[in-house]
Amino acid sequence: MLSWINLVSAWSIPIIIAFIPLYAYTRKVPVYESFVDGAKDGFSTAIGIIPHLVGMMVAISVFRSSGALEFFVGWTGSFLQTLGVPSEILPLGILRPLTGTGSLAYTTELIRAYGPDSMIGRMASTIQGSTDTTLYVLTVYFGAVGIRNGRYALKVGLFSDLVGFIAAIAVCLLVFG
């Protein structure tokens, strides 16, 4: 089963990258011109979202520096241990919806400390790929288009991050455990 997963992993992205422009070309879409127009629009969007990104970065720094992250991990870590989930994984589940860079740095630390083929390394990698940076996405995309009321999107996004976190752990325990 692991060799099948490796084969799909190795070929899925190149096939998708090749398929999209070929499909657009067969539909008579000017592929290169569409790409250039999108890049122009993307630059102006990037300039417009800088204030939203700065605000989000400050909030994340306050969350980590205040000790709130460590408090929550200490509070729930022993409960997760009884379920067979390493408590080292919990900060990743908290950080991932907040910051992509912070969660990637934490994943790198876990892989460096425990190894990529350890259960913690596999869980961290699977969580990294199964969840999204919900608050970053809401900040950037909603800020770019001017949406002010995103409470339902926030609830659904955080719920799907929780489901992704739980599913990643369950799949790792099932496949690698």
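No experiment lies behind these values; they were computed from the predicted model shown. (Residues numbered from 1 in each chain as written. Predicted model: local features only at pLDDT ≥ 70, side-chain atom pairs only at ≥ 80, totals over all residues. Heavy atoms only, no water.)

S.K.: Honestly, the overall build of the protein chain in this entry has me stumped. Any pointers?
M.R.: Check the secondary structure of the protein chain and you find 8 helices and 0 strands. The N-to-C order of helical and strand elements in the protein chain reads α-α-α-α-α-α-α-α. When the backbone C-alpha atoms are referred to their principal axes, the protein chain occupies close to 55 × 45 × 30 Å. Buried positions account for 28% of the 177 residues belonging to the protein chain. Summarising the internal contacts of the protein chain: among those between residues at least 6 apart in sequence, 65% fall at separations of at least 24. Roughly 11,800 Å² of accessible area belongs to the protein chain as shown, and the carbon and sulfur atoms make up 70% of that amount. Taking the average place of the 10 positive charges on the side chains of the protein chain and the average place of its 9 negative ones, the gap between the two points comes to 7 Å. (Helix = DSSP H or I, 4+ residues; strand = E, 2+ residues; numbered from the N terminus. Buried < 20%, exposed > 50% of the residue type's maximum accessible area, 1.4 Å probe, protein only. Contact = heavy atoms within 4.5 Å. Areas by Shrake-Rupley, 256 points an atom, 1.4 Å probe, with all protein chains shown as cover. Lys, Arg positive; Asp, Glu negative; His and termini not counted. Charge placed at Lys NZ, Arg CZ, Asp CG, Glu CD.)

S.K.: Just to check I follow, could you spell out the packing of helix α2 (residues 31-65) against helix α7 (residues 134-145) for this structure?
M.R.: Helices that pack against each other are described as a pair by the angle of their axes relative to one another and the distance between those axes. Where α2 meets α7, the closest approach of the two axes is 8 Å, and the angle between their N-to-C directions is 140°. In terms of orientation, α2 lies oblique with respect to α7. Crossing angle aside, the handedness with which α2 passes α7 is right-handed. Within the contact between the two elements, α2 uses T45, I49, H52, L53 and M56 and α7 uses L135, Y136, T139, V140, G143 and A144. (Axes fitted to C-alpha atoms, helices over the stretch in contact; angles between N-to-C directions. Parallel < 35°, antiparallel > 145°, perpendicular 65-115°, else oblique. Left-handed = near helix turned anticlockwise from the far one by under 90°.)

S.K.: Explain helix α3 (residues 68-82) to me, please; I cannot follow it from the model alone.
M.R.: In an α-helix, one full turn covers 3.6 residues, which means residues spaced three or four apart are oriented alike. Counted at 1.5 Å a residue, the expected span for α3 with its 15 residues is 21 Å, and the 23 Å between its end C-alpha atoms agrees. At T76, α3 is deflected by roughly 40°, the largest bend along its length. Buried residues of α3: L69, V73, T76, G77 and L80, and no others. Looking one or two places after α3, you find G84, whose phi comes out positive at around 90°. (Expected span 1.5 Å × (residues − 1). Bend = angle between axes of the 7 residues up to and from the residue.)

S.K.: Hey, could you run me through α2 in this one?
M.R.: Helix geometry: α2 is bent most strongly at I49, by close to 45°, with proline P51 lying one to four residues after it. All buried positions along α2 are accounted for by I49, L53, M56 and I60. Two residues or fewer after α2 comes G67, characterised by a positive phi angle close to 90°.

S.K.: Is there a simple way to explain unusual backbone geometry in this structure?
M.R.: If a residue is not glycine, its phi is most likely negative; likewise, a peptide bond is most likely trans. With a phi angle near 65°, K28 is a residue other than glycine that sits in the positive phi range. The topology assignment puts K28 in the loop between α1 (2-26) and α2. In this structure K28 comes out as exposed when scored by relative accessible area, which is 73%.

S.K.: What should I look at first to understand the UniProt feature "transmembrane region" (unreviewed entry) in the protein chain in this one?
M.R.: UniProt feature "transmembrane region" (unreviewed entry): in the numbering of this structure it lies at residues 7-25, 45-63 and 156-176. Within the segment residues 7-25, helix and strand shares are 100% and 0% respectively, and the terminal C-alpha atoms sit 28 Å apart. End-to-end, the C-alpha atoms of residues 156-176 are 29 Å apart, and along that stretch the chain is 100% helix and 0% strand. (UniProt positions renumbered as here; feature names shortened; annotations may be inferred.)

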